[in-house]
Amino acid sequence: MDLNQIRDLIADDMKAVDACILELLSSPVVLINQLGHYIISGGGKRLRPMMVLLSAGVCGYQGRHHIELAAVIEFIHTATLLHDDVVDASELRRGRETANALFGNEASVLVGDYLYSRSFERLVAIGNMRAMQILSHTTSTIAEGEVMQLINCHDADTTEERYMHVIQSKTAKLFDAASRLGPVLAELPDPAEASLAAYGMHLGTAFQLIDDVMDYSSSSEEMGKNMGDDLAEGKPTLPLIHAMRVGNAEDAAVIREAIEQGGREHADRVLKVIQSTGSIDYTRQVAEAEAQRAVESLSVLPPSPHRDAMAALAHFSVGRVF
């Protein structure tokens, strides 16, 4: 099953999610409408709302709250992107100017706040206390992950363990939340929620690790952002951490200087080191292991097209080039 087949399986639900997103975006403040529509219509993969829909489907949920929760998940994700791009001073995302480059930092931060607020407003209207617990804890964890990443910037002594904790908090946690909402809505026993949460956490970790790989192995056109952005910001991602660990003293010195100083002037030397140390391959292997764990987490669920789609989504997360 490929990504198009997965989308076909949940096509009607995704149309309903899009309609819900437009409803939630509506505001009498023109700038909120303009900036909100700009970022939401930016051509993202919509993996997180897809995971809510697939999770609800695999659990046999028959109501409509999964539509609203998928929209809420997309709003939370979009708010994090708006804030991240301001923090990172990013100028390109999904092949277009970032909202902060186009509308300014102040507007991006405030509209991100609006999206968070609208998300929790809708959560209250849904009235599912467990869903509110999950998503309130998730947003706190994401914020903690972003702060930890900020602390790690330009720190060449960041360990693989510390880095994995960061990406599990800032990226994978929202995948975890999206996946566990299905059994919550279907009122399934705790083991189903735990299994689907593990699926989301492993898939989200794999997804972020492949983003790390692509920062050093894909073109700007493929990624939709500038190649080497992580390096320019002094972020010690897994390819760099591994290269420092297994490379010789000279290799480690190159990576250390690049992390501590940031910028792109070291890019060519860094790329040679991470290629010679097998660090891109190593990172991809870690991602593939995480994706396999995601698939294994689905084994407690009965066979169904939705379960097959979730397994395929895990494989897509590591096989993608964008």
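Everything below is about the structure printed above this text.
Computed from a predicted model, the values in this text were never measured in an experiment.

**Considering the packing of helix α5 (residues 65–88) against helix α9 (residues 160–186)**
With their axes 11 Å apart at the nearest point, α5 and α9 run at an angle of 165° to one another. Between α5 and α9, the angle is such that the two are roughly antiparallel. You can see that α5 and α9 cross each other, and the crossing is right-handed. Residue-level contacts link H65, H66, L69, I73, I76 and H77 of α5 to L174, A177, A178, L181 and L185 of α9.

**Re helix α15 (residues 267–276)**
Listed in full, the buried residues belonging to α15 are V270, V273 and I274. Down the axis of α15, the sector holding all buried residues measures 95°, keeping them to one side. Exposed side of α15, more than 90 degrees from the buried face: D268, K272, Q275 and S276 are the residues found there. Where α15 is buried, its residues touch α10 (190–217), α12 (229–232), α13 (238–246), α14 (249–261) and α16 (279–297). Taken from the residues just after α15, G278 is the one with a positive phi, measuring 70°.

**Thoughts on the environment of D2**
Within the fold, D2 resides in the segment before α1 (3–9). Assessed through its relative accessible area of 41%, D2 is described here as partly exposed. Between the C-alpha atoms of D2 and L313, which are 311 residues apart in sequence, the distance is 8.0 Å. Polar contacts involving the side chain of D2 include one to the main-chain amide nitrogen of N4, which spans 3.2 Å.

**Observations concerning the side chain of N100**
For N100, the location among the structural elements is in helix α6 (residues 99–103). In this structure the side chain of N100 is engaged in a polar contact, spanning 3.0 Å, whose partner is the backbone oxygen of S90. Discounting residues that sit within four places of it in the chain, N100 has contacts with D85, V86, A89, S90, N105 and S108.

**Thoughts on the packing of aromatic side chains**
Two aromatic rings are characterised by how far apart their centres lie and by the angle between their planes. Enumeration according to the criterion identifies 2 aromatic pairs in this entry. Measuring from ring centre to ring centre gives 5.8 Å for Y38 and F103, while their planes differ by 70°; the resulting arrangement is edge-to-face. Of the two residues, Y38 sits in helix α3 (residues 30–40) while F103 sits in helix α6, which places them 65 residues apart along the sequence. The class of Y38 is buried, set by a relative accessible area of 17%. Relative to F207, the ring of F175 has its centre 5.5 Å away and its plane inclined at 40°; by these criteria the two rings are tilted. Of this pair, F175 sits in helix α9 while F207 sits in helix α10, placing them 32 residues apart in sequence. For the pair F175 and F207, a shared accessibility class is recorded, and that class is buried. The lysine or arginine in question, R96, covers the ring of Y38, its NZ or CZ lying 3.8 Å from the ring centre. Positioned above the aromatic ring of F207, the side-chain terminus of R320 is 3.6 Å from the ring centre.

Criteria and thresholds
Residues numbered from 1 in each chain as written. Predicted model: local features only at pLDDT ≥ 70, side-chain atom pairs only at ≥ 80, totals over all residues. Heavy atoms only, no water. Axes fitted to C-alpha atoms, helices over the stretch in contact; angles between N-to-C directions. Helix = DSSP H or I, 4+ residues; strand = E, 2+ residues; numbered from the N terminus. Parallel < 35°, antiparallel > 145°, perpendicular 65-115°, else oblique. Left-handed = near helix turned anticlockwise from the far one by under 90°. Contact = heavy atoms within 4.5 Å. Buried < 20%, exposed > 50% of the residue type's maximum accessible area, 1.4 Å probe, protein only. Arc of directions from axis to C-beta. Polar contact = N/O pair within 3.5 Å; in protein donor to acceptor, adjacent residues only side chain to side chain. Phe/Tyr/Trp six-rings, centres within 6.5 Å; stacked < 30°, edge-to-face > 60°. Lys NZ or Arg CZ within 6 Å of the ring centre and 35° of its normal.

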